[in-house]
Amino acid sequence: MQIARDILLRSYRSMRTIRDFEERLHVEFATGEIPGFVHLYCGEEASGVGVCAHLSDVDTIASTHRGHGHCIAKGVAVDGMMAEIYGRRTGVCRGKGGSMHIADLSLGMLGANGIVGGGPPLICGAALSHKLLKDNGVAVAFYGDGASNEGTTLESLNLAMVWKLPAVFVCEDNGYGEATASSYAVAGTQKARAAGFGMPYFECDGNDFFAVYEAAGEAIAHARAGNGPAMLHVHLSRWYGHFEGDAMSYRANGEVAELRNDHDCLKNFRKSVTEISLLDESSLDGIDASVRDEIEAAVVAAKAAPLPEPEDLLADVYVSY
Amino acid sequence: MSKKSFRQAINEALRQEMQRDPRVILMGEDVAGGQGGSSGVKDAWGGVLGVTKGLFTEFGPDRVFDTPITEASYIGAAAGAAATGLRPVAELMFVDFIGSCLDQVMNQAAKFRYMFGGKATTPLVIRAMYGAGFNAAAQHSQALYPLFTHIPGLKVVIPSNPYEAKGLLIEAIRDNDPVIFLENKVMYDDEDEVPDEAYTIPFGEANLTREGDDVTIVAFGRMVNFANEAADRLEKDGISCTVIDPRTTSPLDTGTILDCVAETGRLVVVDESSPRCNLACDVAALVAEEAFDALKAPIRRVMPPHTPVPFATVLEKLYMPDSARIEAAVRSVMGYKAKQDA
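Residues numbered from 1 in each chain as written. Chains lettered and ligands numbered in written order. Predicted model: local features only at pLDDT ≥ 70, side-chain atom pairs only at ≥ 80, totals over all residues. Heavy atoms only, no water.

Per an unreviewed UniProt entry, chain B is named Alpha-ketoacid dehydrogenase subunit beta, and its organism is Brytella acorum.

In the annotation of an unreviewed UniProt entry, chain A is listed under the name Thiamine pyrophosphate-dependent dehydrogenase E1 component subunit alpha and assigned to Brytella acorum. The UniProt entry for chain A carries the following text under Function (unreviewed entry): "The pyruvate dehydrogenase complex catalyzes the overall conversion of pyruvate to acetyl-CoA and CO(2). It contains multiple copies of three enzymatic components: pyruvate dehydrogenase (E1), dihydrolipoamide acetyltransferase (E2) and lipoamide dehydrogenase (E3)." What the UniProt record of chain A gives under Cofactor (unreviewed entry) is the line "thiamine diphosphate". (UniProt positions renumbered as here; feature names shortened; annotations may be inferred.)

Laid out in structure tokens, this is it:
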């Protein structure tokens, strides 16, 4: 598989940004300064980035409660995201959405979503827009193994096939819906579910950027060519709990340590590209340093940013009322 | 101008807006006429309401979409399409089916604009029929507009006749917020003079269908017609009523209601939705809070009992507010005598 150098660099930077963003949030959340809930995407970076590497601003994605990674992968500004998570007026949603509702429709980011299974129906609609407005765009729904059981998801698979929509359903299977394992909660297989709707199915190892990139490329190309929807099943793991503060008592001791040691998509990426001299260590180190600075600056700026004003409470309920 | 039924008025509004704006699309169960049937007839049905008949033929398969019977996915798709450049009108058939897809309306479409910091626009219309009086029983007869009115971010429209239906639906389609447009199922064959050309009726501006000095009656949807009947009978006995059709429950024209109560000093509210936390409660609270000094009598609410809608005709008649009950309520507030201070 040939991947252009600029795509590799951009993808690495995007994955590193997600990792550092989330690791920093993990630290900052523990200080009590961040309000509300935060769900971290650490360990899953290659999925969002490997998929979004095939998308442009014309294309649409819908995300989940664990949405920071998808936002960054789709190009949402990191400083605006951080400010949003801190509940500041400079946030991408002016402090009125928070972690679970980061959106930037100008970039085709139709929102993280606080409702499990909330995104797939919306993506059917976005895909219908792409089809009818003839902009050659595709719409991608990210959803978890937990959401794969939601009626909304299953209905959407059906509707997308019936309407032959340019949609891709990316099931990010991290093995847990909250605290309950997918081995318990998911009957049958994602593959058989896709087959049940007559939908093309692709799967890949979500710890391997290149595997995701390749499989996502095929699924997205299928949809973009007007052949109808496809499902992409990404096997991956989350390194933190369902939310920050989750003690993860349902997971075996050592499970996460092993994932961090042996299944780190960033380590895997670095190893792959340096072994065959696609990229050198120093250019990757340069990205690491640059991202560190960017995250630091985003946190400093967010903490210093103005809070929403009282008049913001009543603004933007309606376009006109 | 010519006589048109409520059904024709809605069809004409849809057709004229689809002609005007190519981004307006329709979706819903059987709205394209029932695709894939063995008769091979295209546009056979126009939905169970017959409202969309002919539109598939005129606008074709890229504008009028039959859906599977999967309300969550297609109402959600309508919301997603609205947020990404189209102007969908989705038919939910019976409003009672909102139970299958409320999340997509309540947590998605209604919230986008506020939750995303004012950066989303969701020009979505969801049409559905509501109301008792058709022996449709408990799961097909509810008047759920209070449910939608309760949700910030939605606008809620309840037309009371064919003229209102056409103008309000065109306004709904041109509006940039999600609109719930509720059609009383008993009224589809009601006829009225309806202009042939497109026109709009603004939201949040109540219509006074009767003007009088003694009692203000606020009524919603089909109840406006019952209130008019009651007012006409009362007029003969020298009791003159103002009848207010708010047209939309969100936004609600509170100014007109308060102005009228200030003039008459008496208020009867007629609401066919279940009595707890309904629009009658809302209007009564508004007037009690803002126009207490104007009141010459307690506010009366004419509403169904707090039960599911029954099936049997005899029970359904007992359930529904009607013009006789409205008349009785008006006479009761007219006859009110305040107790003397002790």
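K.L.:
Looking at this structure, I do not really get the overall build of chain B. What am I missing?
P.N.:
A tally of regular secondary structure across chain B gives 12 helices and 14 strands. In terms of overall dimensions, chain B has a C-alpha envelope of 75 × 45 × 40 Å along the principal axes. For chain B, buried positions account for 61% of its 342 residues. Of the contacts formed within chain B by residues at least 6 apart in sequence, a portion of 81% connects residues at least 24 apart. (Helix = DSSP H or I, 4+ residues; strand = E, 2+ residues; numbered from the N terminus. Buried < 20%, exposed > 50% of the residue type's maximum accessible area, 1.4 Å probe, protein only. Contact = heavy atoms within 4.5 Å.)

K.L.:
Looking at this structure, I do not really get a negative patch on the surface. What am I missing?
P.N.:
Residue and element names in this part refer to chain B. A cluster of acidic residues, Glu-211, Asp-213, Glu-235, Asp-259 and Glu-263, forms a negative patch on the protein surface. Take Asp-213: it is sitting in the loop between β9 (207–210) and β10 (215–219). Taking the relative accessible area as the measure of exposure, Asp-213 reaches 58% and is therefore exposed. (Patch = residues over 30% accessible without salt bridge, like charges linked within 9 Å, V, L, I, M, F, W, Y side chains within 5 Å. Areas by Shrake-Rupley, 256 points an atom, 1.4 Å probe, with all protein chains shown as cover. Salt bridge = Lys/Arg side-chain N within 4 Å of Asp/Glu carboxyl O. Lys, Arg positive; Asp, Glu negative; His and termini not counted. Charge placed at Lys NZ, Arg CZ, Asp CG, Glu CD.)

K.L.:
Would you take a moment to explain the UniProt feature "domain: Transketolase-like pyrimidine-binding" (unreviewed entry) in chain B for this structure?
P.N.:
UniProt records the feature "domain: Transketolase-like pyrimidine-binding" (unreviewed entry) at residues 4–190 of chain B, using the numbering of this structure. With 34% helix and 18% strand, residues 4–190 of chain B has end C-alpha atoms that lie 8 Å from one another.

K.L.:
Is there a simple way to think about the interface of chain B and chain A in this case?
P.N.:
Where the parts come together, the accessible area they lose is often given as the size of the interface. Facing the 46 residues of chain B at the interface are 41 residues of chain A. Across the chain B to chain A interface the summed buried area is about 3400 Å²; carbon plus sulfur atoms make up 65%. Sorting the residues of chain B by area buried against chain A places Tyr114(B), Met115(B) and Phe116(B) first, and these three jointly supply 20% of that buried surface. Across the contact surface, chain B and chain A share 0 salt bridges. In this assembly, chain B and chain A are joined by 18 residue pairs in polar contact (both at pLDDT 80 or more). Counting residues per element, the ones that place at least two in the side of chain B that touches chain A are β2 (24–28), β3 (64–66), α3 (71–83), α4 (102–109) and α5 (112–115) of chain B. Looking at the side of chain B that touches chain A element by element, the count peaks at 10 residues for α3(B). (Buried area = accessible area lost by both parts, 1.4 Å probe. Polar contact = N/O pair within 3.5 Å; in protein donor to acceptor, adjacent residues only side chain to side chain.)

K.L.:
Just checking my understanding: could you explain helix α5 (residues 119–133) of chain A for this structure?
P.N.:
Given 3.6 residues per turn, any residue in an α-helix points the same way as the ones three and four places further on. Its 15 residues place the ends of α5(A) 21 Å apart at the C-alpha level, agreeing with the 21 Å of an ideal helix rising 1.5 Å per residue. Within α5(A), 13 of the 15 residues are buried, which leaves the element mostly enclosed by the surrounding structure. (Expected span 1.5 Å × (residues − 1).)

K.L.:
What is the right way to read the domain arrangement of chain B from this model?
P.N.:
Residues and elements named next belong to chain B. On domain assignment, one finds that chain B holds domain 1 (2–194) and domain 2 (207–334). With 26 residues of domain 1 at the contact, the number on the domain 2 side is 27 residues. Buried surface at the junction of domain 1 and domain 2, both sides included, amounts to about 2000 Å², of which 53% is carbon and sulfur. Per-residue buried area on domain 1 facing domain 2 is highest for Asn-135, Tyr-145 and Ser-160; these three make up 26% of the total on that side. The tally of links from domain 1 across to domain 2 stands at 1 salt bridge. For the pair domain 1 and domain 2, the number of links is 19 residue pairs in polar contact (both at pLDDT 80 or more). (Domains from an automatic or database assignment.)

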